Amino acid sequence: MGLQRYQAKRHFDRTPEPRGGIAPSRSAARLRFVVQKHAASTLHYDLRLEMDGALKSWSVTKEPIDDRAVKRLAVRTEDHPLEYADFEGDIPEREYGAGHVDLWDHGVWIPQEAPLTSLRRGKLEFELKGRRLRGRWALVRMGNASTRKKHLWLLTKLADGDGDARR
Ligand code: MN
């Protein structure tokens, strides 16, 4: 996807957000994830997974919750630069995404399969090792890649294996 959409939406002389660039892909062992609580016109939680030198991003409409019975709508948004994982602060009024951003969770994520392939297929399964979010999760695209629903995904908690049973 690249960062063209990210950069085109923002005025970097007016917002404190990083301009960023595509970073080299890194070892799958230490892929970062963050969730940023974003009090924009509508409060939401931006889930970002490091993949292919950028942060693949979903805007989750409500707080992610460790409950397998709950599906959270997650709207795919533009890729963000890796530097965005450290961003907290205020996006000024009248700028894209105006409002306060808090780092709500961060850590590493472990894809179950090759992440770019899973992303194209519309089904990602992964483990999160964050402060708030832990264990196995899934992001599943609601429509196929050619439909108008292609940006709509669902975030759900999966059952954890025996290794994670002690909680
Ligand atoms: Mn946002």
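How each quantity is defined
Residues numbered from 1 in each chain as written. Predicted model: local features only at pLDDT ≥ 70, side-chain atom pairs only at ≥ 80, totals over all residues. Heavy atoms only, no water. Donors = N, O, S within 2.8 Å, 3.2 Å for Na, K, Ca; no water. Buried < 20%, exposed > 50% of the residue type's maximum accessible area, 1.4 Å probe, protein only. Helix = DSSP H or I, 4+ residues; strand = E, 2+ residues; numbered from the N terminus. Pairing = 2+ DSSP bridges. Core = buried A, V, L, I, M, F, W, Y, C linked by side-chain atoms within 4.5 Å. Contact = heavy atoms within 4.5 Å. Polar contact = N/O pair within 3.5 Å; in protein donor to acceptor, adjacent residues only side chain to side chain.

## So, the coordination of the manganese ion
Moving on, step 1. Within the protein, the manganese ion binds to H38 (ND1), H44 (NE2) and D46 (OD); these donor distances fall in the range 2.1 to 2.3 Å.
Moving on, step 2. Sequence positions of the residues that donate to the manganese ion give the spacing H-x5-H-x1-D. D46 matches H44 in its accessibility class, with the two residues each being buried.

## Side note on the pairing of strand β3 (residues 54-60)
Moving on, step 1. The buried fraction of β3 is high, at seven of seven residues.
Moving on, step 2. Linking strand β2 (residues 43-51) back to β3 in an antiparallel pair, the connection comprises two residues, with D52 at a positive phi of about 55 degrees.

## Observations concerning the pairing of strand β7 (residues 123-130)
Moving on, step 1. Bridge count between strand β6 (residues 99-111) and β7: five bridges; the pairing is antiparallel. Bridging from a neighbouring strand, P111 pairs with F126 of β7.
Moving on, step 2. As defined by bridge partners, β7 adjoins strand β8 (residues 134-141) across seven bridges and the pair is classed as antiparallel. Each bridged residue has a counterpart across the sheet, and for E127 the counterpart in β8 is R136.

## Notes on the nonpolar core
Moving on, step 1. Residues L49, F126 and L139 are the most contacted members of the largest nonpolar core, which totals 21 residues.
Moving on, step 2. Of all the secondary structure elements, the ones that give two or more residues to this core are β1 (32-39), β2, β3, β6, β7, β8 and β9 (152-157).
Moving on, step 3. Looking at this core element by element, the count peaks at four residues for β2.
Moving on, step 4. Setting aside residues no more than four positions away along its own chain, F126 makes contact with L49, W109, I110, P111, Q112, G135, R136, W137, A138, L139 and L155.
Moving on, step 5. Formed by ten residues, the second largest nonpolar core is a distinct cluster that contains Y6, Y84, F87 and V101.

## A few points about the environment of I110
Moving on, step 1. In this structure, I110 sits in strand β6.
Moving on, step 2. On the basis of relative accessible area, I110 is assigned to the partly exposed category, the value being 32%.
Moving on, step 3. With residues near it in sequence (within four places) discarded, I110 still touches E125, F126, E127 and K129.

## Some thoughts on the environment of D66
Moving on, step 1. Within the secondary structure layout, D66 lies in the loop between β3 and β4 (71-80).
Moving on, step 2. You can call D66 partly exposed: its relative accessible area is 42%.
Moving on, step 3. Along the primary structure D66 and R132 are separated by 66 residues, whereas in three dimensions their C-alpha atoms are 9.1 Å apart.

## Re the side chain of H44
Moving on, step 1. On the secondary structure map, H44 appears in strand β2.
Moving on, step 2. Judged by relative accessible area, H44 falls into the buried class, the value being 13%.
Moving on, step 3. Polar contacts involving the side chain of H44 include one to the main-chain carbonyl oxygen of T42, which spans 2.9 Å.
Moving on, step 4. Apart from residues lying up to four places away in sequence, H44 is in contact with Q36, K37, H38, S59 and V60.

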